[in-house]
Amino acid sequence: VDFVKPSSAKNLKDRCAHLTNYSINKRSDAFERDEECTIDDDTGDICSGGDSGSKRSVRWLLSWLRSKHGDEVVDRLWCRIGDICVKTV
């Protein structure tokens, strides 16, 4: 489903147009599966992944960030993400 900005009440009832949820998007014709990626269809968890398709793993993201910004920056970011998770539980 292509993104449509909810600019009026006209498209607010289209529940799929405003979501980025994997469980909905995996059924879209525009969804691109990563050929190297395996996804558990029951949970939506990525078991492994490459660098293409509509969904990336955290492992891929951290690797990409490390290549762009270095280990120290990514390690600090990951600690901050962990702090946010702890504070929300």
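A. Structural detail: the overall build of the protein. Summing up its helical and strand segments, the protein has 3 helices and 2 strands in all. Secondary structure elements in the protein, listed N-terminal to C-terminal, are α-β-β-α-α. Contacts spanning at least 24 positions in sequence make up 5% of the contacts within the protein whose residues lie at least 6 apart. Looking at the protein as shown, the accessible area adds up to about 7300 Å², and 52% of this sits on carbon and sulfur atoms.

B. Representation of the pattern of salt bridges. Across all of its chains, the model carries 3 salt bridges by this definition. Put simply, Arg66 and Asp71 hold a salt bridge, and the shortest N to O gap is 3.2 Å. The exposure class of Arg66 is partly exposed, given its relative accessible area of 30%. Measuring nitrogen to oxygen at the nearest pair gives 2.9 Å for the salt bridge that ties Asp75 to Arg66.

C. A look at helix H2 (residues 58-69). The terminal C-alpha atoms of H2, which comprises 12 residues, lie 16 Å apart, in line with the 16 Å expected from a rise of 1.5 Å per residue. Positive phi shows up at Gly70, right after H2, with a value of about 90°.

D. Spatial organisation of the packing of H2 against helix H3 (residues 71-88). It is the contact of H2 with H3, at a shortest axis distance of 7 Å, that shows an interaxial angle of 140°. Relative to H3, the element H2 lies oblique. Contact residues: Val58, Leu62, Leu65, Arg66 and His69 in H2; Asp71, Val73, Val74, Asp75, Leu77 and Trp78 in H3. Grouping the amino acids of the contact of H2 with H3 by side-chain chemistry returns 7 nonpolar, 1 polar and 3 charged.

E. Main features of the confidence of the model for the protein. In this model, the protein carries an average pLDDT of 75, and 54% of its residues clear a pLDDT of 70 or more. By mean pLDDT, strand S2 (residues 46-48) is the weakest element of the protein at 58, and H3 is the strongest at 95.

F. Focus on a nonpolar patch on the surface. A cluster of nonpolar side chains, contributed by Val58, Leu77, Trp78 and Ile81, occupies part of the molecular surface with about 340 Å² of accessible area. Tallying contributions element by element places H3 first for the nonpolar patch, with 3 residues. Examined against the element boundaries, Ile81 turns out to sit in helix H3. Relative accessible area serves as the criterion here: at 33%, Ile81 is assigned to the partly exposed category.

Conventions we followed
- Residues numbered from 1 in each chain as written.
- Predicted model: local features only at pLDDT ≥ 70, side-chain atom pairs only at ≥ 80, totals over all residues.
- Heavy atoms only, no water.
- Helix = DSSP H or I, 4+ residues; strand = E, 2+ residues; numbered from the N terminus.
- Contact = heavy atoms within 4.5 Å.
- Areas by Shrake-Rupley, 256 points an atom, 1.4 Å probe, with all protein chains shown as cover.
- Salt bridge = Lys/Arg side-chain N within 4 Å of Asp/Glu carboxyl O.
- Buried < 20%, exposed > 50% of the residue type's maximum accessible area, 1.4 Å probe, protein only.
- Expected span 1.5 Å × (residues − 1).
- Axes fitted to C-alpha atoms, helices over the stretch in contact; angles between N-to-C directions.
- Parallel < 35°, antiparallel > 145°, perpendicular 65-115°, else oblique.
- Nonpolar A, V, L, I, M, F, W, Y, C, P; charged D, E, K, R; others polar.
- pLDDT = per-residue confidence, 0-100.
- Patch = residues over 30% accessible without salt bridge, like charges linked within 9 Å, V, L, I, M, F, W, Y side chains within 5 Å.

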